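Spelled out from the first residue to the last, the chains are:
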Amino acid sequence: MNLPFEAEPIHPRHTRRLQGIFASAGKSAWCYYAPFLCCFSLAPAREVFVAEHDGALWLPVRRVDRSGRARFDLVAPPIPLSAEPLVAALNEMREINEGRDPRILWLDETDRLGLPPDRLEVRLKSREYLYDPSRVAAAAGRPYRDLRKRIRRFRRETDPHFREMTPADVTPCESLLRHWRKRQGRKRDFLLDWGYTRSALSNFGRWTSEELQGWCVELEGRIAAFAFAGRMRAGLANFFIAKTDPEVRGLSEYLRMEVYRALMGFDLVNDAGDLGLPGLRQHKRKFRPVDRIPVYSASFSN
């Protein structure tokens, strides 16, 4: 099963090039963070490709089910987006998929407006939270009162140490991730970040600190939390991953606050959506987003 155009598997070496293309196109959606795309690619079950075709960047993804049957979709629309080549490529991919319609997994508002409405059906997927990191770090005024109290209590009770991650931290972070999955992640089997979080840890060091930076929180000499974030374009960062020991009250708020302090050189931070989970929604609203941007998916109209 082959794509209708030449493509190569995504790799961290593509990061700078992808980052430049996404920045030139003014992309702000969370999926346009190149290290995420690299870590989302988990061959052989799921593999993201990079291609140049018809003067555009294409990001196809091949997924293989348990029976060994493969299908192709697009991670996002081509950049720049042109409706006619997109529909032609999707039709070819439908043939490759043996009649199964290919999907576009993520697209932003600009892409939505550029799609032919008579050929492709667009569905709202999520709304992503944008934060002003300086405002979060200051945590001033009544809106942040409860958050300030919770973090002060956590600091008083635990004496945490927030610091940058080093290669020596990868193994204990992997142990923490397994603990998180056992205690928290398996309760919600639709959470997809287990695989790409594990990949981010195993590939830590393949990116520059500007592309992907990591931090840890130590409690009594053990790593109890870690996070990754990085630059998307001038003024905009991506809050990629945050994992904490779910048994430690207040740790998640503390980690997120410290990462925002570390990202104060940016005007905005995209911290993804809330997966429709009330608890996660409540948690993210504590930090007072300044905007929420829509993200969609698309497929052929029935």
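Residues numbered from 1 in each chain as written. Predicted model: local features only at pLDDT ≥ 70, side-chain atom pairs only at ≥ 80, totals over all residues. Heavy atoms only, no water.

Draft legend 1. Inspection of the pairing of strand E7 (residues 120–131) at higher detail. Where E7 and strand E13 (residues 291–300) come together, 10 bridges link them in antiparallel fashion. Directly across from leucine 124, in E13, lies its bridge partner tyrosine 296. Inspection of the sheet shows E7 paired to strand E12 (residues 268–270) by 2 bridges, in the antiparallel sense. Bridge pairing in E12 places leucine 130 opposite asparagine 270. (Pairing = 2+ DSSP bridges. Helix = DSSP H or I, 4+ residues; strand = E, 2+ residues; numbered from the N terminus.)

Draft legend 2. The arrangement of the environment of glycine 250 in detail. Topologically, glycine 250 is positioned in the loop between strand E11 (236–244) and helix H9 (251–262). In this structure, the C-alpha to C-alpha distance between glycine 250 and isoleucine 151, residues 99 residues apart in sequence, is 6.3 Å. Residues within four places of glycine 250 in sequence aside, it is in contact with Arg150 and Phe154. (Contact = heavy atoms within 4.5 Å.)

Draft legend 3. Representation of the nonpolar core in the model. Residues Phe36, Phe226, Phe228 and Phe240 are the most contacted members of the largest nonpolar core, which totals 47 residues. Only helix H1 (15–24), helix H2 (34–40), strand E2 (46–53), strand E6 (103–107), helix H7 (170–183), helix H8 (193–202), strand E10 (222–233) and E11 provide two or more residues apiece to this core. With 6 residues, the single largest contributor to this core is H2. Apart from the residues lying within four places of it in its own chain, the contact partners of phenylalanine 240 are Trp30, Tyr33, Pro35, Phe36, Cys39, Tyr196, Ala200, Leu212, Phe228 and Ala229. (Core = buried A, V, L, I, M, F, W, Y, C linked by side-chain atoms within 4.5 Å. Buried < 20%, exposed > 50% of the residue type's maximum accessible area, 1.4 Å probe, protein only.)

Draft legend 4. Structural detail: the packing of aromatic side chains. According to the stated counting rule, one finds 20 aromatic pairs in the structure shown. Centre to centre, the rings of tryptophan 30 and phenylalanine 36 are 4.8 Å apart; their planes meet at 50 degrees, and the pair counts as tilted. Both residues of the pair, tryptophan 30 and phenylalanine 36, belong to the buried class. Note on phenylalanine 226 and phenylalanine 228: the rings are 6.1 Å apart at their centroids and 70 degrees apart in plane angle, and the pair reads as edge-to-face. We classify phenylalanine 228 as buried; its relative accessible area is 0%. Cluster of aromatic residues (ring-pair linked, three or more members): Trp30, Tyr33, Phe36, Phe40, Trp106, Tyr196 and Phe240. The ring centre of phenylalanine 239 lies 4.8 Å from the NZ or CZ of arginine 256, which sits over that ring. One cation-aromatic arrangement involves arginine 292 over tyrosine 129; the distance from NZ or CZ to the ring centre is 4.5 Å. (Phe/Tyr/Trp six-rings, centres within 6.5 Å; stacked < 30°, edge-to-face > 60°. Lys NZ or Arg CZ within 6 Å of the ring centre and 35° of its normal.)

Draft legend 5. Fine view of the packing of helix H6 (residues 145–158) against H9. In contact at an axis separation of 9 Å, H6 and H9 are set at 105 degrees when each is read in the N-to-C sense. As far as their axial angle goes, H9 and H6 are roughly perpendicular. Contact residues: Leu147, Arg150, Ile151, Phe154 and Arg155 in H6; Leu251, Glu253, Tyr254, Met257, Glu258 and Arg261 in H9. Across the contact of H6 with H9, the residue classes tally to 6 nonpolar, no polar and 5 charged. (Axes fitted to C-alpha atoms, helices over the stretch in contact; angles between N-to-C directions. Parallel < 35°, antiparallel > 145°, perpendicular 65-115°, else oblique. Nonpolar A, V, L, I, M, F, W, Y, C, P; charged D, E, K, R; others polar.)

Draft legend 6. Seen up close, the pattern of salt bridges. Per the counting criterion, the structure on display carries 26 salt bridges. As a salt-bridge pair, glutamate 258 and arginine 261 come within 2.8 Å of each other at their nearest N and O atoms. One end of the pair, glutamate 258, and the other, arginine 261, are both in helix H9, 3 residues apart, so they sit about a helical turn from each other. The buried category is assigned to glutamate 258, whose relative accessible area is 11%. Linking lysine 284 and aspartate 271 is a salt bridge whose minimum nitrogen-to-oxygen distance equals 3.9 Å. You can see lysine 284 sitting in helix H10 (residues 278–285) and its partner aspartate 271 sitting in the loop between E12 and H10, a full 13 residues away along the chain. Since its relative accessible area comes to 5%, lysine 284 is described here as buried. Connected through shared salt-bridge partners, Arg63, Arg71, Asp73 and Arg103 make up one network. (Salt bridge = Lys/Arg side-chain N within 4 Å of Asp/Glu carboxyl O.)

Draft legend 7. A look at unusual backbone geometry. Put simply, alanine 43 and proline 44 share a cis peptide bond, and its omega is 5 degrees. Across the junction of isoleucine 79 and proline 80, the peptide omega takes the value 0 degrees, indicating a cis bond. Checked against the element boundaries, proline 80 lands in the loop between strand E5 (70–74) and helix H3 (83–96). Phi angles above zero are rare outside glycine, and aspartate 54 is one such case at about 55 degrees. Residue position: aspartate 54 is located in the loop between E2 and strand E3 (56–58). In this structure aspartate 54 comes out as exposed when scored by relative accessible area, which is 58%. For glutamate 220, which is not glycine, the phi torsion reads 50 degrees and is therefore positive. In this structure, glutamate 220 sits in the loop between strand E9 (213–219) and E10. Note on glutamate 220: relative accessible area 82%, which makes it exposed.

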